[in-house]
Amino acid sequence: MKQNPSSSNGLGNLKWWKSLWGLSLPPKIKIFLWRCFNGWLPVREVLMRRGMQIDVRCPLCHCFPESGIHSLWFCKEIRKVWNSWDTTTPLKPGLGWSMADLLIHAFYKLQNEDFLLFCEILWLVWSNRNSKVFGGNCKPVPQLLTWATSYLEEFQQAMASKKVVLNQARQRKAGDRDKRWVPPDPGVYCVNVDASFNSRNGVFGTGFVVRDHTGRVMKAGYKNHGWKASVEVGEACAIREGVLQAIEGNLTPFVIMSDAKVVVDTFNNYRLSCNDVGMIALDCSILLKNVGCLGIRFANRDTNKVAHHLARLASSESYVQYSWRGSVPHEIIPFVLADVQALS
Ligand SMILES: [Zn+2]
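Since the model is a prediction, treat every value here as computed from it, not as a measurement.

Definitions and cut-offs
- Residues numbered from 1 in each chain as written.
- Predicted model: local features only at pLDDT ≥ 70, side-chain atom pairs only at ≥ 80, totals over all residues.
- pLDDT = per-residue confidence, 0-100.
- Contact = placed C-beta atoms within 7 Å.
- Axes fitted to C-alpha atoms, helices over the stretch in contact; angles between N-to-C directions.
- Helix = DSSP H or I, 4+ residues; strand = E, 2+ residues; numbered from the N terminus.
- Parallel < 35°, antiparallel > 145°, perpendicular 65-115°, else oblique.
- Nonpolar A, V, L, I, M, F, W, Y, C, P; charged D, E, K, R; others polar.
- Pairing = 2+ DSSP bridges.
- Buried ≥ 20, exposed ≤ 12 C-beta atoms within 10 Å, placed from the backbone.
- Arc of directions from axis to C-beta.
- Left-handed = near helix turned anticlockwise from the far one by under 90°.

In this section: the confidence of the model for the protein. Per-residue confidence for the protein gives a mean pLDDT of 84, with 90% of residues at or over 70. Predicted confidence for residues 1–12 stays below pLDDT 50, and this span has 17 contacts to residues more than four positions away or in other chains.

What follows is the structure in structure tokens.
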């Protein structure tokens, strides 16, 4: 049972904080709340106090100095989010309040589940603000509430099935010892994908190869995307490209194999990821609707050499895209053969 705090100033209220720490929220959100609570969010008012020469006005509304509570609650752009959710109507923070005051206030005013959702939304609002400031992808305001709800549901399901996940991780570890390419089941195509980054100009290339259960190449290709990307975004684009190529070649059902573990995990839980990779994964999930994709899976780097070398060919060129039906460029043949030989 929640009890009201004796004062709403709340700073240093470790007991209160401990009960918050025990809530079913992802660690990154708890850390974010901890920063809010302590006034450590790098909002413009804080940066200015630290001596940075900076326009102190809020980057969203350009009207008021950007404090923590302004950026997360009072800003008229953010009011659209909160006004779309009736549950926050009882929250009436005063103008001079800090984020610590608001968090404590919400903790005591809202039901447990609603408070969790409130925290998720705060975090999404902050992520969105950062995307706006640093030029990433912003989500439309009406989507934030839906996004937060599914994020929370998935997190709680994930916690419930933590045991299963742990067992799977153990099995994967055992599988890592096997460094050979693993063929798909008969009748299924295996799509290996990879990305490669040109250290000179920073642009990246992606490669893909679609094979059947005997190791026969059905289709292969590479593409230089002509722009710079983070490793994760490059790997996510490789997956997307593999999906497109398999669909376009009618090579279904298929499994996608990528050696970028973190990216594969994001694709399998894209609702949890409010970042560029999450957006690409979301886009892919739309492509994959009603298509026979049996999964996007992690492959050990050693089992992914054909796609890796195709991607490397791409990254050394610029703005190109090639694909071949039933063959690969001659430089790639040794890697295809090595995979087939390892089968027998
Ligand atoms: Zn504002």
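Here we take up the packing of helix H2 (residues 27–37) against helix H7 (residues 112–134). Packing of H2 against H7 brings their axes to within 10 Å, and their N-to-C directions diverge by 80 degrees. Taken together, the axis directions place H2 and H7 in an arrangement best described as roughly perpendicular. Residues Ile 29, Phe 32, Leu 33 and Cys 36 of H2 form the contact with H7, whose participating residues are Cys 119, Glu 120, Leu 122, Trp 123 and Trp 126. In terms of residue class, the contact of H2 with H7 is built from eight nonpolar, no polar and one charged.

On to unusual backbone geometry. The linkage connecting Thr 252 with the following residue, Pro 253, adopts the cis geometry, with an omega of -5 degrees. Take Pro 253: it is sitting in the loop between helix H10 (231–248) and strand S4 (254–258).

Turning next to the sheet that holds S4. The strand order across the open sheet built from six strands is S5-S4-S1-S2-S3-S6, with neighbouring strands paired in mixed fashion. Bordering the open sheet on either side are strand S5 (293–298) and strand S6 (321–325), each of which pairs with just one other strand. When the angles between neighbouring strand axes are averaged without regard to direction, this sheet yields 15 degrees. One ladder, built from eight bridges, connects strand S2 (residues 203–211) with strand S3 (residues 217–228); its direction is antiparallel. Counted as the bridge partner of Val 210 is Lys 219 from S3. Across the sheet, helix H11 (residues 261–268) is in contact with S4 and S5; its angle to S5 comes to roughly 145 degrees. Lying on the sheet, helix H13 (residues 305–315) is in contact with strand S1 (189–197), S2 and S3; it crosses S2 at an angle near 145 degrees.

Attention now goes to H2. Owing to its 3.6 residues per turn, the α-helix aligns residues three or four sequence positions apart on the same side. Among the residues of H2, Ile 29, Leu 33, Cys 36 and Phe 37 are the ones counted as buried. Considered in projection along H2, the buried side chains sweep an arc of 95 degrees and stay on one side of the axis. Exposed and oriented more than 90 degrees from the buried face of H2 are Pro 27, Lys 28 and Ile 31. Within two residues after H2, Gly 39 carries a phi angle of roughly 70 degrees, on the positive side.

Let's shift gears to the packing of H11 against helix H12 (residues 276–287). Across the interface, H11 lies against H12 with an axial gap of 9 Å and an inter-helix angle of 55 degrees. Considered as vectors, H11 and H12 are oriented oblique to each other. Of the two possible hands of crossing, H11 and H12 adopt the one that is right-handed. Here H11 contributes Val 263, Thr 266 and Phe 267 to the contact with H12, which in turn contributes Val 277, Gly 278, Ala 281 and Cys 284.

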